[in-house]
Amino acid sequence: MMFERKAIVIAMLAAVTVLAGCASAPQPPYADNAYPLPTPAMQAIVDKDTSRHFGDAPADGGAMATDLSPALQPAAIDKALRKVADWQLARTQRHIDRIWTSAVLFTGFMAASDATGDAKYRDAMLAMSKGFNWDLKGPYPNADDISVAQTYLELHALDPSPDKVLPAKAHLDQLIGLKTLNPKDTRVPWWWCDALFMAPPVWARMYQATGERKYLDYVHEQWRITSDLLYDKDEHLYARDTSYIGKLEPNGRKIFWSRGEGWVMGGLARTIDYIPQDDPRRPFYLQQLREMSAKIASLQNPQGLWHAGLLDPATYPLPEISGSALFVYGMAYGVNRGYLDEAAYRPVIEKAWAGILKHVYADGRLGGIQQTGAEPAFYRPASSFNYGVGGFLLAAAELKKMAEGRKVAVK
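Rules behind the numbers
- Residues numbered from 1 in each chain as written.
- Predicted model: local features only at pLDDT ≥ 70, side-chain atom pairs only at ≥ 80, totals over all residues.
- Heavy atoms only, no water.
- Helix = DSSP H or I, 4+ residues; strand = E, 2+ residues; numbered from the N terminus.
- Buried < 20%, exposed > 50% of the residue type's maximum accessible area, 1.4 Å probe, protein only.
- Contact = heavy atoms within 4.5 Å.
- Core = buried A, V, L, I, M, F, W, Y, C linked by side-chain atoms within 4.5 Å.
- Expected span 1.5 Å × (residues − 1).
- Arc of directions from axis to C-beta.
- Axes fitted to C-alpha atoms, helices over the stretch in contact; angles between N-to-C directions.
- Parallel < 35°, antiparallel > 145°, perpendicular 65-115°, else oblique.
- Left-handed = near helix turned anticlockwise from the far one by under 90°.
- Nonpolar A, V, L, I, M, F, W, Y, C, P; charged D, E, K, R; others polar.
- Phe/Tyr/Trp six-rings, centres within 6.5 Å; stacked < 30°, edge-to-face > 60°.
- Lys NZ or Arg CZ within 6 Å of the ring centre and 35° of its normal.

**Focus: the side chain of Ser 258**
- Its location among the elements puts Ser 258 in helix 12 (residues 258-269).
- With relative accessibility at 0%, the residue Ser 258 sits in the buried group.
- Every residue in contact with Ser 258, bar those within four places of it in the chain, is listed here: Trp 306, His 307, Ala 308, Leu 310, Glu 320, Gly 323, Ser 324 and Phe 327.

**Some details on the nonpolar core**
- Within the largest apolar cluster, 114 residues are counted, with the highest numbers of intra-cluster contacts made by Trp 190, Trp 203, Trp 223, Met 331 and Phe 392.
- In this view, Met 331 contacts Met 265, Ser 293, Ile 296, Trp 306, Leu 340, Tyr 345, Val 348 and Ile 349; residues no more than four positions away in its chain are not counted.
- The next biggest cluster of nonpolar side chains, apart from the first, holds 9 residues, and it includes Tyr 35, Ala 308, Leu 318 and Ala 377.

**Quick word on unusual backbone geometry**
- Residue Pro 139 is bonded to the preceding Gly 138 through a cis peptide linkage, with omega at 0°.
- Residue placement: Pro 139 occurs in the loop between helix 5 (119-131) and helix 6 (143-146).
- Look at Asn 133: it is not a glycine, yet its phi comes out positive at around 55°.
- Positioned with a positive phi, Tyr 140 is a non-glycine residue whose angle comes to about 50°.
- Along the polypeptide, Tyr 140 turns up in the loop between helix 5 and helix 6.
- By relative accessible area, which is 32% here, Tyr 140 ends up partly exposed.

**Structural notes on the environment of Ala 314**
- Following the sequence through the fold, Ala 314 ends up in the loop between helix 13 (282-298) and helix 14 (321-336).
- Separated by 64 residues in sequence, Ala 314 and Pro 250 place their C-alpha atoms 9.5 Å apart.

**A few points about helix 2 (residues 40-51)**
- Given a rise of 1.5 Å per residue, 12 residues ought to cover 16 Å, and the 16 Å separating the end C-alpha atoms of helix 2 matches this to within 8%.
- Looking only at helix 2, the buried set comprises Met 42, Val 46 and Asp 49. Seen end-on, helix 2 carries its buried residues on one side only, within an arc spanning 65°. Helix 2 presents Pro 40, Ala 41 and Ser 51 as exposed residues on the side facing more than 90 degrees away from its buried surface.
- Residues of helix 2 that are buried in the fold lie against strand 1 (55-56), strand 4 (384-385) and helix 16 (386-403).
- Backbone geometry just after helix 2 places His 53 at a positive phi near 65°.

**Notes on the packing of helix 7 (residues 149-158) against helix 10 (residues 200-210)**
- Two elements in contact, helix 7 and helix 10, have axes separated by 9 Å at closest approach and are oriented at 25°. Relative to helix 10, helix 7 is oriented roughly parallel. Our pair here, helix 7 against helix 10, has a crossing hand that is left-handed. Contact residues: helix 7 offers Ala 149, Gln 150, Leu 153, Glu 154, His 156 and Ala 157, while helix 10 offers Pro 201, Val 202, Arg 205, Met 206, Gln 208 and Ala 209.
- Classifying every residue of the contact of helix 7 with helix 10 by side-chain character gives 7 nonpolar, 3 polar and 2 charged.

**Notes on the packing of aromatic side chains**
- Here the structure, examined in full by the defined rule, presents 17 aromatic pairs.
- Judged by centre distance (6.0 Å) and plane angle (85°), the rings of Trp 100 and Trp 263 are edge-to-face. One end of the pair, Trp 100, is in helix 4 (residues 100-116); the other, Trp 263, is in helix 12, with 163 residues separating them in the sequence.
- Assessed through its relative accessible area of 17%, Trp 100 is described here as buried.
- With centroids separated by 6.0 Å and ring planes inclined at 50°, the aromatic side chains of Tyr 333 and Tyr 339 adopt a geometry described as tilted. Here the two residues Tyr 333 and Tyr 339 agree in accessibility, since each one is buried.
- Three or more aromatic residues joined by ring pairs make a cluster, and in this case those are Trp 100, Phe 197, Trp 263, Phe 385 and Tyr 387.
- Seen from the ring of Trp 191, Arg 187 lies directly overhead, with NZ or CZ sitting 4.1 Å from the centre.

Now the structure itself:
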């Protein structure tokens, strides 16, 4: 199976011609013959994602933005944040749902309102939450299905009201006694690394909202189980799920998927603040944040970004923006709270932010986002999906705190 996969990739790459030279005005960063196009199976996922209104992947995204500065200055960050957020909000409001892809974007809109002081993003999230009656999909919602409750609970923290909490609480209380995903599925509740972004922040915020320790204890138990299954203690990265342990990239390295690692980094950033300082499990999360940040920083490419296959960038030559944005978010979060050394990580963050902004189009489209999946894949430069925009908005909001010199008090 591995040799068949290698042969397919080698054959595809043999057809790739890398372009040289540059244009005097900003242009889309790649031409069709400078990167491998999605295989038919990959394109089927792109088409499905597009049909479900997660985003789209046109062959031509138009002109690139020329009005954005990579400087880590509040006004410059604010401008980039608003440009991308406004483009995405207009598209999102035509197709509101509570699937995980949208739920990630919603966390970004909440961060955008906090960073810019503009209530329109938060107001849109309030309207969304009311439209769904603050409820989740059930029964037995998995991590993806509960992720929208991150936004419900953020809105509750701003303006407490039982109706914002009780529907989600009822679902968590249904799940808390289960040792498996649900009564008919024997997998552990957070069997894939993406779940560490989707679920722990909900449970941790429920602890904050109710004061009931059982919700935080659940985070500790389930994260430990998932870490024991998936965290590679040598590479300091997570396997996407147990089926990827032992699988190799065409270059013979282990498969570590950029966005999968980004989900974990983002999950750490959205969970640690709700763990008391005297909690004996708190050092575990800080250690993973530090270990993963160091590893990811060591894999940054010369343009400041990361590839879909972290350990095989030659096979996946396009940078991947959703993972890159989540890395920036996680590292900036760590710097802003003193968990990561600013002298070591600020240059990494600055270089990454400059690289990410090169993938913003003139109309506000954020490109370079891989379609949904579970492993590295091929995609077009203009590929834009809502969860990747959510990661960008989270990163921008955290960067603005850094630019303002706002050191966040650790609870």
